[in-house]
Amino acid sequence: PLPWLNDAGWAGAAEFQAAGGSPSDIGSRNSFVPYLGPVIWESEENNPFHAYIYRSPVDGKLIGCVRISSYSPEDADAAIAAFAKIITRFSATTDGMVIDQVNNPGGSVFYLYTLVSMLSNQAMATPRHRIALTQSDLSSAANFLKNEPYVKSDGDAKKVLGDTISGYPVSYEVFRHMLEFSRFIINQWNSGKTLTDPTFIFGVDYVNPSTVVKYDKPVMVLINELDFSGGDFFPAILQDNKRVVTFGTRTSGAGGYVKSISYPNQLGISQFSLTGSIAYRIDGNPIENLGVTPDIKYSPDAADFQNGFKNYGKAVNNAMSGLFK
């Protein structure tokens with residue numbers, strides 16, 4: 001129904017998603033982060049997420065660790081269900097959680113929002129975007145508004161949008177948000193603007209807590225310079241809402257969604273991507289070029305690369321232990 005639904009991420013994110021791959025690869029199921037301690041439980045190899053529970057070598061607490069390799073899963077609904085089961089287990093058995101999000105190429109904003117919804121019992125404010133408008137955006141917004149007379153309930157909304165959007169549960173509220181977003185697009189165009197005023201993408205100003213599971217214990221997110229787009233947005237949202245502590249190096253700063261363009265040509269160009277929006281955090285600063293600065297800075301050194309990132313792992317556990325104080 002709207003062209004942005006498949007474009008709210010980093011171009012090409014899906015092609016980096018890998019079931020295995022080298023730990024240094026972007027989007028690999030396992031990253032360079034080593035096991036952080038003796039493993040008590042571990043997810044199956046066919047699980048979309050590599051997750052485990054370990055006993056901290058620093059203070060003996062049980063910590064859950066889950067790897068989010070990208071926000072472009074092959075099956076979003078299945079991935080959301082798998083993530084919910086992991087978080088449910090963590091909620092019942094762990095004292096805190098580490099989220100490994102290094103080398104993350106981004107993906108769907110709705111999928112990202114759904115993961116965020118499971119990590120807090122409070123609503124999470126989202127960034128605003130200034131959108132670069134095109135005639136295609138205007139046409140899609142006008143066409144979407146035609147659905148308004150026929151949608152009066154959650155069931156009606158699902159007939160138009162499906163049960164979920166990249167795993168994000170569809171409801172009448174979601175439909176109303178998208179209606180207002182479409183009206184905003186039309187009003188901005190009619191006022192002569194091709195770069196809109198800041199607005200919430202798809203009208204989603206807050207991500208409400210999940211109705212399935214809400215993790216309310218300390219959380220630390222591992223980030224680095226190879227986190228793009230969704231890899232910027234996920235830690236930005238959680239950091240802005242003071243829900244997590246971030247650890248590592250500053251993310252790349254690919255701060256918006258992109259639009260893929262295809263046109264007939266004789267140059268061998270299949271498609272190319274353009275910036276579709278510039279996003280702004282709660283404090284008014286853009287994500288573009290700035291990225292997310294970690295609360296606890298740690299840059300891997302030569303010893304890490306030579307010894308399986310043991311020092312990195314020790315630093316993560318020391319920082320995690322500090323969250324309980």
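In short, a report on the structure. (Residues numbered from 1 in each chain as written. Predicted model: local features only at pLDDT ≥ 70, side-chain atom pairs only at ≥ 80, totals over all residues. Heavy atoms only, no water.)

### Brief notes about the pairing of strand β3 (residues 62-67)
Quick reminder of the rule: Here the term buried applies to any residue with accessible area under 20% of the maximum for its type, exposed to any over 50%, and partly exposed to those in between, with areas from a 1.4 Å probe on protein chains only. Here a strand is any run of E in DSSP of at least two residues, a helix any run of H or I of at least four, and the numbering for each starts at the N terminus. Criterion used throughout: strands pair if DSSP finds at least two bridges between them.
Counting buried positions along β3 gives six out of six residues, so the element sits mostly inside the fold. With burial as the criterion, each face of β3 is covered, one bearing Leu62, Gly64 and Val66 and the other bearing Ile63, Cys65 and Arg67. Pairing geometry for strand β2 (residues 51-55) and β3, over five bridges, is antiparallel. Residue pairing for β3: Ile53 is matched across the bridge by Gly64.

### Description of the nonpolar core
Operational definition: What we call a nonpolar core is a set of buried Ala, Val, Leu, Ile, Met, Phe, Trp, Tyr and Cys residues that are connected through their side-chain atoms within 4.5 Å.
One finds Phe90 and Phe234 to be the most contacted residues of the largest nonpolar core, which totals 66 residues. Element by element, the count of residues in this core is highest for helix α2 (residues 76-93), at nine residues.

### Here's the deal with the side chain of His50
Stated formally: Nitrogen and oxygen atoms within 3.5 Å of one another constitute a polar contact, given that in protein one can donate a hydrogen and the other can accept it, and given that sequence-neighbouring residues count only through two side-chain atoms. Any two residues whose heavy atoms approach within 4.5 Å are treated as being in contact.
The topology assignment puts His50 in the loop between β1 (39-42) and β2. By relative accessible area, which is 12% here, His50 ends up buried. In this structure the side chain of His50 is engaged in a polar contact, spanning 2.8 Å, whose partner is the side chain of Glu42. The contact partners of His50, leaving out residues within four places of it in the chain, are Arg29, Asn30, Tyr35, Glu42, Ser43, Cys65, Val66 and Arg67.

### Brief notes about the sheet that holds β3
Which entries qualify depends on this criterion: In this analysis an axis means a line fitted to C-alpha atoms, helices contributing only their contacting stretch, and an angle means the value between N-to-C directions, from 0 to 180 degrees.
Ordered by their spatial adjacency, seven strands build an open sheet running β1-β2-β3-β4-β11-β12-β16, and the pairing between neighbours is mixed. Here the strands that pair on one side only, and so sit at the sheet edges, are β1 and β16 (296-297). Sheet analysis places strand β11 (residues 219-223) next to strand β12 (residues 245-248), joined by four bridges and oriented parallel. If you follow Met220 over to β12, its bridge partner there is Val245. Sheet strands touched by helix α7 (residues 230-240): β4 (96-100), β11 and β12. Its angle to β11, the strand with the most contacts, is close to 145°.

### A short note on a negative patch on the surface
Where we set the bar: Surface patches are defined over residues having more than 30% relative accessible area and no salt bridge, joining like charges when they lie within 9 Å and nonpolar side chains (Val, Leu, Ile, Met, Phe, Trp, Tyr) when within 5 Å. Computed with the Shrake-Rupley method and a 1.4 Å probe, the accessible areas treat only the protein chains shown as cover for residues. Just to be clear on terms, a salt bridge is a Lys or Arg side-chain nitrogen sitting within 4 Å of an Asp or Glu carboxyl oxygen. The sign given to each residue is positive for Lys and Arg and negative for Asp and Glu; His and the chain ends receive no count. To locate a charge, the coordinates of NZ of Lys, CZ of Arg, CG of Asp or CD of Glu are taken.
Residues Glu74, Asp75, Asp77 and Asp163 make up a contiguous surface patch of negative charge. Tracing the sequence through the fold places Glu74 in the loop between β3 and α2. By relative accessible area, which is 83% here, Glu74 ends up exposed.

### Points about the packing of aromatic side chains
The test is simple: Within 6.5 Å between ring centres, the rings of Phe, Tyr and Trp (the latter by its six-membered ring) count as paired, and their orientation is classed by plane angle as stacked under 30 degrees, edge-to-face over 60, tilted in between.
Tallied over the entire structure, the rule returns 20 aromatic pairs. Relative to Phe90, the ring of Trp41 lies with its centre 6.4 Å away and its plane at 90°, an arrangement referred to as edge-to-face. In this pair, Trp41 sits in strand β1 while Phe90 sits in helix α2, placing the two residues 49 residues apart along the sequence. Just as Trp41 is buried, Phe90 falls in that class too. Relative to Phe272, the ring of Tyr263 has its centre 6.1 Å away and its plane inclined at 75°; by these criteria the two rings are edge-to-face. Within the aromatic cluster, the residues linked to one another by ring pairs are Phe32, Phe247, Tyr298, Phe305, Phe309 and Tyr312.

### Digging into the pairing of strand β6 (residues 128-131)
Where burial is concerned, the two faces of β6 differ: the one with His129 and Ile131 is buried and the one with Arg128 and Arg130 is not. Here two bridges tie β6 to strand β9 (residues 199-200), and the two strands are oriented antiparallel to one another. Note that in β9 the partner of Arg128 across the bridge is Phe200. Sheet analysis places β6 next to strand β15 (residues 277-280), joined by four bridges and oriented antiparallel. Paired with His129 across the two strands is Ala279, which belongs to β15.

Interpretation in functional terms is not warranted from these geometric data alone.
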